[in-house]
Amino acid sequence: MNTLKIAYTRREDLIPAAEIIKNGGIVAFPTETVYGLGGNALDAGAAKKIYAAKGRPSDNPLIVHLASPADAEKYCVTSELFYKLADAFMPGPITVIMPKKDCIPYSCTGGLDTVGIRVPSNPVAHEFIELCGCPIAAPSANISGKPSPTSFSHIVHDLDGRVDCLIDGGDCEYGVESTIVKFKDENTIQLLRPGAVTVEMLTLICPTVEIDPAVLKKFDGVPLAPGMKYRHYAPSVPLTILDGGDEEVYEYLRSREEKIGVICYDEDMPFISGEKLSCGGKTDSLTQAHRLFSCLRSFDGRDDLDAIYARMPSKDGIGLAVFNRLIKASGFTVIKL
Ligand code: AMP
Ligand code: MG
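Model, not experiment: these values are computed from the prediction.

Enquirer: For this particular structure, what's the right way to read the pattern of salt bridges?
Expert: Oppositely charged side chains can pair when the atoms bearing their charge come close. Taken as a whole and judged by the stated rule, the model has 19 salt bridges. Across the pair Arg10 and Glu12 runs a salt bridge, and its minimum N-O distance is 3.5 Å. Residue Arg10 is classed as partly exposed on the basis of its relative accessible area of 47%. Residue Glu12 is classed as partly exposed on the basis of its relative accessible area of 42%.

See the structure below:
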């Protein structure tokens, strides 16, 4: 397939991409979280193309992206709590799960009666959705199971030749996927996936926020967010999380005889020999989120490495999202030092 590549400089640049969507095609586009792979959410055929291009299991639902929270009414059954969250956090990096209306095909929701609604704040994403004139169903624009794409080079690597169009909008601001929430009742939010809208921020709007067990540890039951059961973000070289103080971590890494790559913090760099990448300062969770998937991708496909190690991150604020993605990428392999 010949893939059209568009470098965004102004709104008009997006017209060919919007035409592709109107004709049933699929387009990868930037958002403030990660790059998404979008199609018309009202077109069951477009959803099928997205699943095929990503190699994604068809029971893993897509998120529906809108230009404005006021449009949500057309596609799902909203509530007062939805509008409270929308006032506080939309446009922005949050997805709200609500009962779907009939116009959203089951092929887009993985067969579920609910749909995830998101209103991106990234200006390119916003203009693109407006120009398309329809809701855009989009998962992350990576090959299924691989780290999500946070820069244009990542989507070229994963999807060139597999999709109709790729839009270059630079690097994604946050670098981790949206916070996903569901309502247990009008006074209780369930957090299904942590992101840049943090538990602390949600608590200001709704005092009771329950963290789904699958966010924090390996979960063998039926997860509330179907995608959670799949191995995620995994580089091809096995990743292990090291949970310990500075000296224990440095000592453990020095004692390794295999060829290793390390994802660490700025402060660690002088104390670790061999291949290492910093994902930011030790207490700078925002930068860690921004760089995490790039670090994982840098070590992906490195057949010359035997193992990758990363440090256990803080779980505060957006750190909870970094922690959640790292433990999933490691297949929940943590060594307590
Ligand atoms: P991705 O954007 O690739 O992270 O994929 C979207 C994720 O959103 C899925 O893996 C699900 O975990 C979640 N999701 C989307 N729609 C729903 C829904 N209706 N119910 C629960 N989770 C959902
Ligand atoms: Mg994904």
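Enquirer: What should I look at first to understand the pairing of strand 13 (residues 260-264) in this one?
Expert: Of all five residues in strand 13, five are buried; the element is thus mostly enclosed. Of the two faces of strand 13, the one holding Ile260, Val262 and Cys264 and the one holding Gly261 and Ile263 are both buried throughout. As judged from the four bridges shared by strand 13 and strand 15 (residues 307-311), these two strands associate in the parallel manner. Note on strand 15: the bridge partner recorded for Val262 is Tyr309.

Enquirer: Is there a simple way to think about the packing of helix 10 (residues 285-299) against helix 11 (residues 319-329) in this case?
Expert: Helix-helix packing: each pair is described by the crossing angle between the helix axes and the interaxial distance. Packing of helix 10 against helix 11 brings their axes to within 8 Å, and their N-to-C directions diverge by 25°. Relative to helix 11, the element helix 10 lies roughly parallel. In this structure, the crossing between helix 10 and helix 11 has a hand that is left-handed. Residues Ser285, Gln288, Ala289, Leu292, Phe293 and Leu296 of helix 10 touch helix 11, and the partners they reach there are Gly319, Val322, Arg325, Leu326 and Ala329. Classifying every residue of the contact of helix 10 with helix 11 gives seven nonpolar, three polar and one charged.

Enquirer: How should I be thinking about the site of ligand 1 in this particular structure?
Expert: Around ligand 1 lies a shell of 18 residues, among which Arg56, Asn60, Thr114, Ser140 and Arg193 are the nearest. Asn60 places a polar side-chain atom, nitrogen or oxygen, 2.6 Å from an oxygen atom of ligand 1. At 2.9 Å, a side-chain N or O of Ser140 approaches an oxygen atom of ligand 1. Taking 490 Å² as the accessible area of ligand 1 by itself, protein coverage stands at 95%. Looking at the shell around ligand 1 residue by residue, the class counts come to eleven nonpolar, five polar and two charged.

Definitions and limits used
Residues numbered from 1 in each chain as written. Chains lettered and ligands numbered in written order. Predicted model: local features only at pLDDT ≥ 70, side-chain atom pairs only at ≥ 80, totals over all residues. Heavy atoms only, no water. Salt bridge = Lys/Arg side-chain N within 4 Å of Asp/Glu carboxyl O. Buried < 20%, exposed > 50% of the residue type's maximum accessible area, 1.4 Å probe, protein only. Helix = DSSP H or I, 4+ residues; strand = E, 2+ residues; numbered from the N terminus. Pairing = 2+ DSSP bridges. Axes fitted to C-alpha atoms, helices over the stretch in contact; angles between N-to-C directions. Parallel < 35°, antiparallel > 145°, perpendicular 65-115°, else oblique. Left-handed = near helix turned anticlockwise from the far one by under 90°. Contact = heavy atoms within 4.5 Å. Nonpolar A, V, L, I, M, F, W, Y, C, P; charged D, E, K, R; others polar. Near = heavy atom within 4 Å. Polar contact = N/O pair within 3.5 Å; in protein donor to acceptor, adjacent residues only side chain to side chain. Areas by Shrake-Rupley, 256 points an atom, 1.4 Å probe, with all protein chains shown as cover.

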